[in-house]
Number of protein chains: 2
Amino acid sequence: MSKTIPKLANPNLDTMPSDFLYHLDINVPNTQDTSDIQQRFGDVRIVCTGGTASRMRELALYMRKVLGVSDPSDPVDLCERGHRYAIYKVGPVLCVSHGVGSSTFSVVLHELLMLVKYARCQDSIFLRIGTCGGLGVPPGTVVVTKDAFNGLLRNEHEIAILGKLVVRPAQFSEDVIRNVMEYGADPKDGFQTISANTMGTDCFYEGQGRTDGAICEYTEKDKMDFLQKCHDMGIRNIEMEASMFASVTKKVGVKAGDVCVTLVNRLEGDQVTITMDQKHEFEQRPFLVVGRYVKKLLQQ
Amino acid sequence: MSKTIPKLANPNLDTMPSDFLYHLDINVPNTQDTSDIQQRFGDVRIVCTGGTASRMRELALYMRKVLGVSDPSDPVDLCERGHRYAIYKVGPVLCVSHGVGSSTFSVVLHELLMLVKYARCQDSIFLRIGTCGGLGVPPGTVVVTKDAFNGLLRNEHEIAILGKLVVRPAQFSEDVIRNVMEYGADPKDGFQTISANTMGTDCFYEGQGRTDGAICEYTEKDKMDFLQKCHDMGIRNIEMEASMFASVTKKVGVKAGDVCVTLVNRLEGDQVTITMDQKHEFEQRPFLVVGRYVKKLLQQ
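Residues numbered from 1 in each chain as written. Chains lettered and ligands numbered in written order. Predicted model: local features only at pLDDT ≥ 70, side-chain atom pairs only at ≥ 80, totals over all residues. Heavy atoms only, no water.

- In the nomenclature of an unreviewed UniProt entry, chain A is known as Uridine phosphorylase 1 isoform X1 of Drosophila suzukii.
- If you open the UniProt record of chain A and go to Sequence similarities (unreviewed entry), you find "Belongs to the PNP/UDP phosphorylase family." (UniProt positions renumbered as here; feature names shortened; annotations may be inferred.)

**Digging into helix α6 (residues 242-252) of chain A**
Each α-helix winds once per 3.6 residues, and so residues spaced three or four apart point in a common direction.
Residue and element names in this part refer to chain A.
Okay, step 1: Most of α6 is tucked away: nine of the eleven residues are buried.
Okay, step 2: When α6 is considered as a whole, its buried residues turn out to be A242, S243, M244, F245, A246, S247, V248, T249 and V252.
Okay, step 3: Following α6 by one or two positions, G253 has its phi on the positive side, about 75°. (Buried < 20%, exposed > 50% of the residue type's maximum accessible area, 1.4 Å probe, protein only. Helix = DSSP H or I, 4+ residues; strand = E, 2+ residues; numbered from the N terminus.)

**A short note on the pattern of salt bridges**
Okay, step 1: In total, this model carries 46 salt bridges over all chains according to the counting rule given.
Okay, step 2: A:E241 is the partner of A:R128 in a salt bridge, and the nearest nitrogen-oxygen pair spans 3.1 Å. In this pair, A:R128 is assigned in strand β6 (residues 125-134) and A:E241 in the loop between β11 (235-239) and α6, connecting sequence segments 113 residues apart. With respect to burial, A:R128 and A:E241 carry one shared label: buried.
Okay, step 3: Notably, a salt bridge pairs B:R128 with B:D258, separated by 3.1 Å at the nearest N-O pair. Of this pair, B:R128 sits in strand β6 (residues 125-134) while B:D258 sits in strand β12 (residues 255-265), placing them 130 residues apart in sequence. (Salt bridge = Lys/Arg side-chain N within 4 Å of Asp/Glu carboxyl O.)

**Topic: the environment of B:V261**
Residues and elements named next belong to chain B.
Okay, step 1: By the secondary structure assignment, V261 is in strand β12.
Okay, step 2: Separated by 22 residues in the primary sequence, V261 and E283 place their C-alpha atoms 6.7 Å from one another.
Okay, step 3: When residues no more than four places from it in sequence are discounted, the contact partners of V261 are G130, T131, C132, G140, T141, V142, F282, E283, R285 and P286. (Contact = heavy atoms within 4.5 Å.)

**Some remarks on the interface of chain B and chain A**
Okay, step 1: Each partner contributes to the interface: chain B provides 69 residues, whereas chain A provides 69 residues.
Okay, step 2: For the pair chain B and chain A, the two sides together bury roughly 5800 Å², of which 59% comes from carbon and sulfur.
Okay, step 3: For the chain B face of the interface with chain A, the top three residues by lost area are B:Y22, B:L162 and B:A214, together amounting to 12%.
Okay, step 4: If you look at where chain B meets chain A, you find six salt bridges.
Okay, step 5: Between A:E217 and B:K251 there is a salt bridge; the shortest N-O distance is 2.8 Å. (Buried area = accessible area lost by both parts, 1.4 Å probe.)

Quick look at the structure:
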């Protein structure tokens, strides 16, 4: 199969003389000759993203083990000067923090997509490795997203462009879903890895039907009816990024997947009651699943 | 005038036995007796928020100067264990990072509002101290938001709740705007501080009409027509938080204001071309303005 470099969906990128990926603090002084960027990032195959810098640093350390990279030094944050996101590089794997929710993730996602274009990375795959609420599955379940729904329970993402509402489909790559399940899931893990639908909302409290935020104008019954409706639609986890992530990557033609661990079963309550130690153990689970997938992918 | 403790807009908060402000990693073991929380946070009068942890740390150091707090120690991040947001406390002022955009800000905003309620803080004022793009004003201009518009150019905020679209008005407190302008702005500063409308979008690239993102399906002319239309509506700066921030604080009855410095004049280009040193100098400008306002407020 021929290798492809992402074209993206902006013809201006081929005529702009230079570019500055502002939030990453990465300068592209000459878009016609990006040999410097290619040297630094051209070998990148998989871009892993996740909420916090500390978790992405841990993922980088874990990826060293998975890929057999012997390096006793501390992982270096390649965009520390930008102060907004952290990027760690382990051979062909980037581990990048995106913050909480679609707004912050979309900024770094646009810039990472431009980075892999300028670096001429081949067949890049973007992954999100996150935490989320669960629906009818025990806390600690790993969910690989099939269809991404927005807070309006539509399998799409809405975005205001030039003052008008634009609606785009929000599906992840079927290849990625199949391969993460095939290579990544292992019944011997002691936890479940399932493939199911995901709802991505713009608000953690009202947007996800919680009754314990600063504003709540619905009853417990309204909430449970809503969560049951989500469950009936095959939604098994709720986070704040899936529909934006699926729609942007689909639009630019880059394969992507979303692999999250549930920290709470929302059919049983709103509050996260697991201990920090349990949370930390749960957070390692998507690492395991994605680690096996990445290893297999790089052997092909 | 009698002092008021925020009631918020969720009756459940008065009957929940305990609460855990998850992203702040602050535990409220007994909502009926919050003396511990009151002791730690009850003196808070002003909650300052801004994008990055490093800038909020700098703001904390600056607030020490403004308030005459002599403390040679490093500011302590009170929610470091949460890994998502940073909180610094300088007497009656909190300095809190919120990340990029409404989704991440709304999470910490809900939890901060609950914190000031549990701590029984009186007459709390919430401020955002940010960076933004400018419209027809020179980079380095400080804009105090009047009306907040969303990406659809409406003076409101849209949120999906229980699967349905809910629309809420998005105005900041007239008191706060007037007082920030009266006490905070100083013609001798060498930069302009103006009061004007702000657009808050959910996307930095397409949402703000940039032509240099990973996706762009409009022409330079379409973009300029849009930006001119924004300008005609009195919008002088564009960021990613204003409409959510205005609508949530208005809904719960807490006074709030948004004070941002422009880093680029979008009528002249999309790329941020100022140097890191210039950016750092510009970022101090809202500190100056808000510092004077806070000092005056605390003297009253």
